[in-house]
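Descriptive structure summary
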Amino acid sequence: MVTEPLIAVRGLENRFGDHKVHENLDLDLFPGEILGVVGGSGTGKSVLLRSIIGLHRANSGTIRVFGNDLMTLPPEQRSRTERRFGVLFQGGALFTSLTLQENIALTLIEHAGLSRRNAEHLARMKLALVGLPPEAALNYPAELSGGMVKRAALARALALDPEVLFLDEPTAGLDPIGAASFDELLRTLCNALGFSVFMVTHDLDTLYATCDRVAVLARGKVLVADSLDVVERHPDPWIQDYFHGPRGRAVAGAHRKPVEEDR
């Protein structure tokens, strides 16, 4: 039985003036999977994410989300569809003048129509879900570490119980311990709550720790989108440098070592 993708991008073209970022790009996101999107600088990873979530209108092509063409939906239906997304932008993008509780409650008040009291109660539950202590709810973003801000931003992205979670460089700026902790949290939440993840990242540790498939962008297209063992064998020079350079070999070895020891 073939599983229908939640998101199907076909023939996508994005250009800025005479510069083509994407040309005839195809990509799928399937139910329950974590898809990592990688590529060199300027390959349009974040532009692709922004196109899918509706923040950038592509020049041509189709983006089908939950069976509907996102670019042709009436505004009201498109808004309802986009509320089934959760987004964690690079840096968290929390409102600095609001506490963590207020950041999440605002989303629930505006989009779910909850009262402030109920929204703040649910906000505290979402913060607990991502592993933050109860007292963090009343802190402002500037009072917290980078790792705690990332978790709070994740709680806000999960506020409306999305079916698809979009992450833009979620571990950027975190130390290795914080990044590994975030990766473990993401995998746990995905398994427990059943949402799908579209993640732009350059972090090799995150790819090996969390992703079911990896898509590589280059020359305006998706060169390959498959499991890591398949992607690693692709002959493209950038892929070979990325996965088989010193850093790539070290990360791959670290993540495969427990398997080899078990044998």
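Residue positions are given per chain, counting from 1 as you read along its sequence in written order. This being a predicted model, a pLDDT of at least 70 is required before a residue's local features are given, and a value of 80 or more before pairs of side-chain atoms are given or counted; all residues contribute to the totals for chains, interfaces and linings. To obtain the side-chain values, all non-hydrogen atoms of the structure were used and water was disregarded.

Focus: the pattern of salt bridges
Any Lys or Arg side-chain nitrogen found within 4 Å of a carboxyl oxygen on Asp or Glu counts as a salt bridge. Per the stated rule, a full pass over the model turns up 13 salt bridges. A salt bridge links Lys20 to Glu23, with the nearest nitrogen and oxygen atoms 3.4 Å apart. Taking the shortest distance from any N to any O, the salt bridge between Arg116 and Glu120 comes out at 2.9 Å. In this pair, Arg116 and Glu120 both sit in helix α4 (residues 116-129), 4 residues apart, roughly one turn of the helix. Judged by its relative accessible area of 16%, Glu120 is buried. Overlapping salt bridges bring together Glu13, Arg15, Lys20 and Glu23 as one network. Think of it this way: any DSSP run of H or I at least four residues long counts as a helix, any run of E at least two long counts as a strand, and we number them from the N terminus. Exposure is judged per residue with a 1.4 Å probe applied to protein chains only, and the accessible area is read against the type maximum: over 50% gives exposed, under 20% gives buried, and values in between give partly exposed.

Overview of the nonpolar core
Only buried Ala, Val, Leu, Ile, Met, Phe, Trp, Tyr and Cys residues count toward a nonpolar core, and they belong to the same one when joined by side-chain atoms within 4.5 Å. Counting residues in each nonpolar core, the largest one holds 50 residues, and the members touching the most others are Leu154, Leu165, Val197 and Phe243. Counting 28 residues, the second largest nonpolar core, distinct from the first, contains Ile7, Phe166, Val200 and Leu217.

Details of the packing of helix α3 (residues 100-112) against helix α5 (residues 146-157)
Any two packed helices are characterised by how steeply their axes cross, that is the angle between the axes, and by the distance between the axes. Working convention: axes come from line fits to C-alpha atoms, limited for helices to the stretch in contact. Angles between N-to-C directions cover 0 to 180 degrees. The interhelical angle for the contact between α3 and α5, taken along N-to-C directions, is 20°, at an axis separation of 9 Å. Put simply, α3 runs roughly parallel to α5. Seen along the crossing, α3 lies across α5 with a hand that is right-handed. Listed contacts from α5 to Leu100, Asn103, Ile104 and Thr107 of α3 are Ala152, Ala155 and Arg156. Grouping the amino acids of the contact of α3 with α5 by side-chain chemistry returns 4 nonpolar, 2 polar and 1 charged. Should an angle fall under 35 degrees it is taken as roughly parallel, and over 145 as roughly antiparallel, whereas 65 to 115 is taken as roughly perpendicular and any remaining angle as oblique. Here is the rule for handedness: rotate from the far helix to the near one, and if that takes an anticlockwise turn smaller than a right angle the crossing is left-handed, while a clockwise turn gives right-handed. Contacts are assigned to residue pairs that have any heavy atoms within 4.5 Å of one another. Three classes are used, and their members are as follows: Ala, Val, Leu, Ile, Met, Phe, Trp, Tyr, Cys and Pro are nonpolar, Asp, Glu, Lys and Arg are charged, and the others, Gly among them, are polar.

Let's talk about the sheet that holds strand β7 (residues 164-168)
Two strands form a pair only when DSSP identifies at least two bridges running between them. The 6 strands are arranged β6-β7-β8-β3-β9-β10 in an open sheet whose pairing can be described as mixed. Strands at the two margins of the open sheet, each flanked by one partner only, are β6 (85-88) and β10 (221-226). Averaged over neighbouring strand pairs, the angle between their axes works out to 15° when direction is ignored. As paired strands, β7 and strand β8 (residues 196-200) are joined by 5 bridges and run parallel to one another. For Asp168, the partnering residue across the bridge sits in β8 and is Val200. Sheet strands touched by helix α9 (residues 237-244): β3 (34-39), β9 (213-218) and β10. Its angle to β3, the strand with the most contacts, is close to 110°.

Focus: the packing of aromatic side chains
Between the rings of Phe, Tyr and Trp (Trp by its six-membered ring), a pair exists once the centres lie within 6.5 Å; its type follows the angle of the planes, with under 30 degrees stacked, over 60 edge-to-face, and the other angles tilted. Evaluated as defined, the whole model comprises 5 aromatic pairs. Measuring from centroid to centroid gives 5.0 Å for Phe85 and Phe166, while their planes differ by 75°, and the two rings are edge-to-face. With Phe85 in strand β6 and Phe166 in strand β7, this residue pair connects regions lying 81 residues apart in the sequence. According to the relative accessible area criterion, Phe85 is buried, its value standing at 8%. Aromatic pair Trp238 and Tyr242: ring centres 4.6 Å apart, planes at 15°, arrangement stacked. You can see Trp238 and its partner Tyr242 sitting in helix α9, 4 residues apart, about one turn around the helix.

Some words on the sheet that holds strand β1 (residues 7-16)
Pairing in this open sheet of 4 strands is antiparallel, and the strands run β2-β1-β4-β5 from one edge to the other. Strands at the two margins of the open sheet, each flanked by one partner only, are β2 (19-29) and β5 (68-69). Sheet analysis places β1 next to β2, joined by 7 bridges and oriented antiparallel. Bridge pairing links Ile7 to Leu29 in β2.

Overview of the state of the cysteines
Put simply, a disulfide is two cysteine sulfurs that come within 2.5 Å. Per the counting criterion, the structure on display carries 0 disulfides. Unpaired in this structure, Cys190 has its nearest cysteine sulfur neighbour in Cys211, at a distance of 10 Å.

Points about the pairing of β7
Counting buried residues in β7 gives 5 out of 5 residues, a clear majority hidden from the surface. Because side chains alternate across β7, one face comprises the buried residues Val164, Phe166 and Asp168, and the other comprises Leu165 and Leu167, equally buried. Strand direction decides the pairing type here: β6 and β7, joined by 4 bridges, are parallel. Note on β7: the bridge partner recorded for Val87 is Phe166. For the handedness criterion, the strands are oriented away from the viewer, and a crossover whose path from the first strand over the helix to the second runs clockwise is classed as right-handed. Crossover handedness for the path β7 to helix α6 (residues 176-193) to β8: right-handed.

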